[in-house]
Amino acid sequence: MLPYDRRMSWREWIRTVEVEPSLYAADFARLGEQIDALLRAGCRIFHFDVGDGHFVEPITIGPVVLESIAPLVHEAGGVLDCHLMVDNPLRHFPQIARAGGDSVTFHYEVVDDVPATIAVARGHGLQVGVAFNPESEPEDVAAVAGDADLVLCMSIHPGYSGQKFMPEAVDRIARLRAALPDRVYVQVDGGIDHETIGPAHAAGAGLLVAGSAIFGGEDPTRAYRGLVQALG
């Protein structure tokens, strides 16, 4: 892995394609241990979900947890990709930056001005993503998210880990990829496992977030490596 440098970008982080373990699904009694094992297995990017109990029903992990794990991840050359499933993402950007987040993704559905929100996140030294729910049209999101580093196509309704991948997401990923500039990465989150990771990647996703498929069994390291191998 490259040494950690906050000034680096997604272009330096991504090795063609990346499987991102979703820490929301981790065993929090063993969080540091599981992160360390995944880093040793070659994982570079961790997905960190923040839920506010409003935009999504559950209240999930937040800046206090992020701050506690950021040194472990950064010292090993990894980065933290923070997905804000919240009603008011602007208020969270400073906290995420201070706690050690490297990239922040907000939802298209909750802001009036996507380009302006991207600019505010960049002002805090963060890389930026725009996420959208299954009800939103990929082309509508792509039309306003061209300044982002990535666009996240949700393949489930956000909120709870362990949901099944929506088959129609494959077409939405392909439509999104076709509508975005080549420099903007496509990410997919929800129900990614050994059966769905291949079709999602083939449709155009270069960042594949997996939660239960990695942390749901006894050996997250082996599960992570299996998903990487499934990509060929």
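Before reading on, note that the structure itself is shown above.
Parameters and conventions
Residues numbered from 1 in each chain as written. Predicted model: local features only at pLDDT ≥ 70, side-chain atom pairs only at ≥ 80, totals over all residues. Heavy atoms only, no water. Helix = DSSP H or I, 4+ residues; strand = E, 2+ residues; numbered from the N terminus. Polar contact = N/O pair within 3.5 Å; in protein donor to acceptor, adjacent residues only side chain to side chain. Contact = heavy atoms within 4.5 Å. Pairing = 2+ DSSP bridges. Axes fitted to C-alpha atoms, helices over the stretch in contact; angles between N-to-C directions. Buried < 20%, exposed > 50% of the residue type's maximum accessible area, 1.4 Å probe, protein only. Arc of directions from axis to C-beta. Core = buried A, V, L, I, M, F, W, Y, C linked by side-chain atoms within 4.5 Å. Parallel < 35°, antiparallel > 145°, perpendicular 65-115°, else oblique. Left-handed = near helix turned anticlockwise from the far one by under 90°. Nonpolar A, V, L, I, M, F, W, Y, C, P; charged D, E, K, R; others polar.

J.: Give a description of the side chain of glutamate 18 that names residues and reports values.
T.: By secondary structure assignment, the location of glutamate 18 is in strand β1 (residues 18-21). A polar contact of 2.7 Å, which involves the side chain of glutamate 18, links it to the side chain of arginine 15. If near-sequence neighbours (up to four positions away) are discounted, glutamate 18 is found in contact with Trp13, Arg44, Ile45, Gly206, Leu207 and Leu208.

J.: Describe the sheet that holds β1, with residues and values.
T.: The parallel open sheet is built from eight strands, whose spatial order is β1-β8-β7-β6-β5-β4-β3-β2. Only two strands of the sheet have a single neighbouring strand rather than two, namely β1 and β2 (45-51). Between one strand axis and the next, the sheet turns through 25 degrees on average, direction left out of account. Strand direction decides the pairing type here: β2 and strand β3 (residues 79-85), joined by seven bridges, are parallel. Within the sheet, the bridge partner assigned to phenylalanine 48 lies in β3 and is cysteine 82. Against the sheet, helix α3 (residues 63-75) touches β2 and β3, its axis set at about 155 degrees to β3.

J.: Lay out helix α7 (residues 169-179) with the relevant residues and their values.
T.: Looking only at α7, the buried set comprises Ala169, Arg172, Ile173 and Leu176. What you see down the axis of α7 is that its buried residues fit within an arc of 100 degrees, all on one side. Contacts made by the buried residues of α7 are with β5 (127-132), α6 (138-144), β6 (150-154), β7 (185-189) and α8 (197-203).

J.: Outline the nonpolar core, listing residues and values.
T.: Grouped together as the largest cluster of nonpolar side chains are 61 residues, with contacts concentrated most on Leu23 and Phe46. Ignoring any residue separated from it by four or fewer positions in sequence, one finds leucine 23 in contact with Phe28, Leu31, Ile35, Phe46, His47, Phe48, Ile69, Leu80 and Phe215.

J.: Mind laying out the packing of helix α2 (residues 31-40) against helix α10 (residues 220-230), listing which residues take part and the relevant values?
T.: Packing of α2 against α10 leaves a shortest axis separation of 9 Å and a crossing angle of 40 degrees. Of the possible angle classes, the one that applies to α2 and α10 is oblique. Here α2 and α10 pass one another in a crossing that is right-handed. Seen from α2, the contacting residues are Gln34, Ala37, Leu38 and Arg40; seen from α10, they are Pro220, Thr221, Tyr224 and Arg225. Partitioning the contact of α2 with α10 into residue classes produces four nonpolar, two polar and two charged.

J.: Just give me the short version of unusual backbone geometry, but keep the residues and values in it.
T.: Residues other than glycine seldom take positive phi values, yet threonine 16 does so here, at roughly 75 degrees. By the secondary structure assignment, threonine 16 is in the loop between α1 (10-13) and β1.

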